[in-house]
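Analysis of the macromolecular model
The primary structure of each chain is shown beneath.
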Amino acid sequence: MLHPPIRDPSRLPRTPIARAGLILWAILFAFCPAAADPPQGAIVGWGAQFIAGDVPASFTAASLGDSYGLGLKADGSIETWGLNDYGQASVPAPNADFVAVDAGGQHSLGLKVDGSIAAWGRNDYGQASVPANNAGFVAVAVGSLHSLALKSNGSIVAWGYNTSGQTDVPTPNISFVAISAGFGHNLALKGNGSIVAWGLNADGQTNVPAPNIDFIDVAVGNFHSVGLKADGSIVAWGCGAHDYGQCNVPASNSGFMAVAAGGLHTLGLKADGSIVAWGSNEFGQTAIPPPNAGFVAISAGDSASLGLKADGSIVAWGTQVIDSAVSEGFLAVAAGAYHTVVLRSDGSIVAWGDNQSGQASVPEPNIGFIGVAAGYGHSLGLKANGSVVAWGCERSSDYGQCNAPIPNAGFVAISAGVSHNLALKADGSVVAWGCSPPFNRGQCAVPVPNAGFTAVSAGYRHSLGLKADGTIVAWGDDTEGQSSVPAPNADFVAVAAGTYHSLGLKADGTIVAWGCASGYYAFGQCDVPVDSASYVAIAAGDMHSLGLTNDGRIVAWGRNNLGQIDVPDPNSGFIAVAAGWRHSVGIQGPLGACCDQILGSCVEPVGVTACSGIHRAWAEATACADINCEPVAGACCDTLSGTCTDGLTSGECSGTHQVWTEGTPCNEADCDAATGACCDHDTFGACTDGLTQAQCTCPTCEWVKESLCGDVDCPHASIPALSQWGLAILTLVLLTAAKLALGRPSPP
């Protein structure tokens, strides 16, 4: 049965550890011709709680536990994902011959075809120590700190933590046909259709309502119980002081064939293959993704849900689950404390994960964004007009970090810490806000002269700023040396602030790390590995670090108690990285090209350093001729050369210069894409408006409609397979429109 027991969420660690945001490029969005191959901007996540929203595989069963999951494959092996701090996701060898699995608090059980049980994970109360005579079992159930197993003779064996009597099986211990274990109580189904309940009863979860007959399935949550009747109806009870609606079965209570109980939510599987969910939706655990059809089994975790399809694929939703419907087309990513924020190529933001403070609820209008950042309980978005949007802080401590800076204009990069934010102005100055006591350690006091900055990164209680001359300025908390930049302080091109450590990327592709001085917070995050390739981007998490190499790989080091440095295969093709507290995220991107700023044409790259001089890195979903137009104020646009003159008003544009409109390429300011035009992309990228396709006779011209005149010669499919990742990063570190900037806080 797919209804694993879950831990009490009130007992889960929720320490205020900061997650800083990752800022990627701040370039205007104008779209290149679409290409079918390869998939663009695909999200890859690893570490705590990360699973794909749609996992194509040959699974026959699956179970969600406390921030991790188990999937049983048709070949009898088990696949795992998510949290692994106690080894609960590390299946012991031989990983074969399994017929059932169950995931619990921090330990797991697997039932073998020979009737024996394999147990792994946390074992401080003996919950992973299967009693002697390990044979003859037909079902397993995992609680928070205890375990149950059903014998073929109908008896139950229980072991592990027993503070509430949860391992004291009631007598007579016979005739049982199904079992389910929760946080501190259990349910067992008798062959006569009655339910036996025992253990913790603070919320009435062991008081089976009358009539206690005709049940065919049972499921246990943290503080509630669920029973499925033979007539297809569901009965739920308990909830008490932990009532989030998980006991309120929706109307039309019929046609159900399976039940699952999560932390504070409930699932029911209908005979038509659809799922009904109710209860807490704080993490999106009851928001079933479409199409809601074709399911054959269900499982509910603490704050996530899972459905198994008839084709053996798994669909999951809730905390830190990547929605497969929006898992591609991303340009930037930021990893927060327990949430993730990503920027799509259409300028919208998608967020998922912890939403207790509204940090994953992007405010409307969700359009026109060019950058993202994620803090502990809040998120930031940078608009193309240079303004900052902040949201969250609904339940986490508000230190002013969710207030937009005043004046809110002219920004080109952002970074979020636990209680403060940094934003870079187009003039090279830095604005900091938040920082109210008790988290004020001077991280908002930008040192003078406040000028010449090209990148920023907000850590837990310290801040980093990169100057145009390649030096780093650090301010705020320095208890671990995280604000003491080592000599020589020169030739840096990127910065990243973690909790108690800092990273700097040098122009020669090497990484310098500092902090970790006392050793108390040192988990190897300051020990940069030697790699044969050069680094082009960096990200600093709570106690781990990430580096992106110029061949598209991610190198990870530091603390790995949650799998946050176990980069999944294939480790290739990455263009961006972000590090949260206990998870990591990367974007695997499309190819790239170099863009001639004068002609507005594309040049196929021959290597990472192919873009130089007037050639600047072109990233898909940006206009080639518009890379030199800042996304602030306005500009005059020379329609012959395709160059911009920034900061001019409409009255100052004369001659071949026409008013440049934000969101359009410079050399197309005179081109009306709605009616079609002839586009000379071999000369100056000039447009002739209003011509039909038949009238476009110029031998070097192409007729276009709703396309970009200056970018039609940038065919995505023909660009060789090296490297938007490097080129996009060059945009970050050389152009500094917006750079990787990541900081994460930790408990005060």
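Model, not experiment: these values are computed from the prediction. (Residues numbered from 1 in each chain as written. Predicted model: local features only at pLDDT ≥ 70, side-chain atom pairs only at ≥ 80, totals over all residues. Heavy atoms only, no water.)

Considerations on unusual backbone geometry
Following Ala 210, the chain continues to Pro 211 via a peptide bond in cis, the omega torsion being 0°. Along the chain, Pro 211 falls in the loop between β15 (195-199) and β16 (215-220). With an omega of 0°, the peptide bond running from Asp 569 to Pro 570 counts as cis. Tracing the backbone through its elements, the reader meets Pro 570 in the loop between β43 (554-558) and β44 (574-579). Phi is positive for Ser 175, close to 70°, though the residue is something other than glycine. (Helix = DSSP H or I, 4+ residues; strand = E, 2+ residues; numbered from the N terminus.)

Considerations on the confidence of the model for the protein chain
Per-residue confidence for the protein chain gives a mean pLDDT of 76, with 69% of residues at or over 70. Low pLDDT, under 50, characterises residues 681-686; the stretch is placed with 19 contacts to residues that sit more than four places away or in other chains. (pLDDT = per-residue confidence, 0-100. Contact = heavy atoms within 4.5 Å.)

Here we look at the environment of Gly 191
Inspection of the secondary structure assignment puts Gly 191 in the loop between β14 (185-190) and β15. Spatially, the C-alpha atom of Gly 191 lies 9.7 Å from that of Asp 214, the residues being 23 residues apart in sequence. For Gly 191, the contacting residues outside a window of four places in its chain are Ser 175 and Val 177.

Comments concerning the packing of aromatic side chains
The way to describe two aromatic rings as a pair is by their centre distance and the angle between their planes. All told, the structure shown has 10 aromatic pairs when counted by the stated rule. Residues Tyr 125 and Tyr 161 carry aromatic rings whose centres are separated by 4.4 Å and whose planes lie at 50° to one another, so their mutual orientation is tilted. Taken together, the positions of Tyr 125 in the loop between β9 (117-121) and β10 (137-142) and Tyr 161 in the loop between β12 (156-160) and β13 (176-181) put the pair 36 residues apart, joining distant regions of the chain. Residue class for Tyr 125 comes out partly exposed when judged on its relative accessible area of 39%. An aromatic cluster is defined as three or more aromatic residues linked by ring pairs; in this entry it consists of Tyr 460, Tyr 500, Tyr 520 and Tyr 521. When the ring centre of Phe 59 is taken as reference, the NZ or CZ atom of Lys 73 above it lies at 5.8 Å. (Phe/Tyr/Trp six-rings, centres within 6.5 Å; stacked < 30°, edge-to-face > 60°. Buried < 20%, exposed > 50% of the residue type's maximum accessible area, 1.4 Å probe, protein only. Lys NZ or Arg CZ within 6 Å of the ring centre and 35° of its normal.)

A few points about the pairing of strand β8 (residues 107-112)
Extensive coverage of β8 is indicated by the burial of six of its six residues. Going residue by residue along β8, you find His 107, Leu 109 and Leu 111 tucked away on one face and Ser 108, Gly 110 and Lys 112 tucked away on the opposite face as well. Two elements, strand β7 (residues 98-103) and β8, share five bridges in a ladder whose sense is antiparallel. The residue of β8 that forms the bridge with Val 101 is Gly 110. The hairpin turn running from β7 into β8, its antiparallel successor, is three residues long. (Pairing = 2+ DSSP bridges.)

Here we look at the pairing of β13
Most of β13 sits inside the fold, with five of its six residues counted as buried. In terms of strand pairing, β13 meets β14 through five bridges, oriented antiparallel. For Ala 181, the partnering residue across the bridge sits in β14 and is Asn 186.

Regarding the nonpolar core
Counting 13 residues, the largest nonpolar core has Leu 546, Leu 548, Ile 554 and Val 577 as the members making the most contacts within it. Elements represented by at least two residues in this core include exactly β41 (535-540), β42 (544-549), β43 and β44. (Core = buried A, V, L, I, M, F, W, Y, C linked by side-chain atoms within 4.5 Å.)

Some words on the pattern of salt bridges
Taken as a whole and judged by the stated rule, the model has five salt bridges. Note that Asp 477 and Arg 461 form a salt bridge whose closest N and O atoms lie 3.9 Å from each other. Here Arg 461 lies in the loop between β35 (453-458) and β36 (462-467) and Asp 477 lies in the loop between β37 (472-476) and β38 (492-497), a separation of 16 residues in the sequence. Residue Arg 461 is classed as buried on the basis of its relative accessible area, which comes to 9%. One salt-bridge network, held together by shared partners, links Asp 531, Asp 551 and Arg 553. (Salt bridge = Lys/Arg side-chain N within 4 Å of Asp/Glu carboxyl O.)

Some details on the sheet that holds β37
The antiparallel open sheet is built from three strands, whose spatial order is β35-β36-β37. Strand pairing shows two members of the sheet lacking a second neighbour, β35 and β37, which therefore form its edges. Taking each pair of neighbouring strands and ignoring which way they run, the sheet shows an average axis angle of 20°. Pairing of β35 with β36, which is carried by five bridges, proceeds in the antiparallel orientation. Each bridged residue has a counterpart across the sheet, and for Ala 455 the counterpart in β36 is Leu 466. (Axes fitted to C-alpha atoms, helices over the stretch in contact; angles between N-to-C directions.)

Concerning the sheet that holds strand β21 (residues 275-279)
Strand pairing in a sheet takes place through backbone hydrogen bonds and is either antiparallel or parallel in direction. Strand order in the open sheet made by the three strands is β19-β20-β21, with antiparallel pairing throughout. Only two strands of the sheet have a single partner each, and these edge strands are β19 (256-261) and β21. Averaged over neighbouring strand pairs, the angle between their axes works out to 20° when direction is ignored. Bridge analysis of strand β20 (residues 265-270) against β21 gives five bridges, and the strand direction is antiparallel. Note on β21: the bridge partner recorded for Leu 269 is Ile 275.

Some thoughts on the side chain of Ser 77
In this structure, Ser 77 sits in the loop between β5 (68-73) and β6 (78-82). At 2.6 Å, the side chain of Ser 77 forms a polar contact with the side chain of Asp 75. Other than its neighbours up to four places away in sequence, Ser 77 contacts Gly 71, Leu 72 and Asn 95. (Polar contact = N/O pair within 3.5 Å; in protein donor to acceptor, adjacent residues only side chain to side chain.)

Digging into the environment of Ala 556
Tracing the backbone through its elements, the reader meets Ala 556 in strand β43. In this structure, the C-alpha to C-alpha distance between Ala 556 and Ala 540, residues 16 residues apart in sequence, is 10.0 Å. For Ala 556, the residues in contact, after removing those within four places along its chain, are Ser 545, Leu 546, Ile 565 and Val 567.

As for the state of the cysteines
Counted according to the given criterion, the structure contains three disulfides. Disulfide partner of Cys 393: Cys 402, at an S-S distance of 2.0 Å. Measuring the twist about the S-S bond at about 80°, one finds the Cys 393-Cys 402 disulfide to be right-handed. Cys 402 carries the same exposure label as Cys 393, and that label is buried. Each sulfur in the disulfide pair Cys 516 and Cys 526 lies 2.2 Å from the other. Of note, the bridge from Cys 516 to Cys 526 carries an S-S torsion of about 75° and is right-handed in sense. Highlighted residues: Cys 516 in the loop between β40 (511-515) and β41 and Cys 526 in the loop between β40 and β41, separated in sequence by 10 residues. Comparing Cys 516 with Cys 526, the two get one shared label, buried. (Disulfide = S-S within 2.5 Å.)

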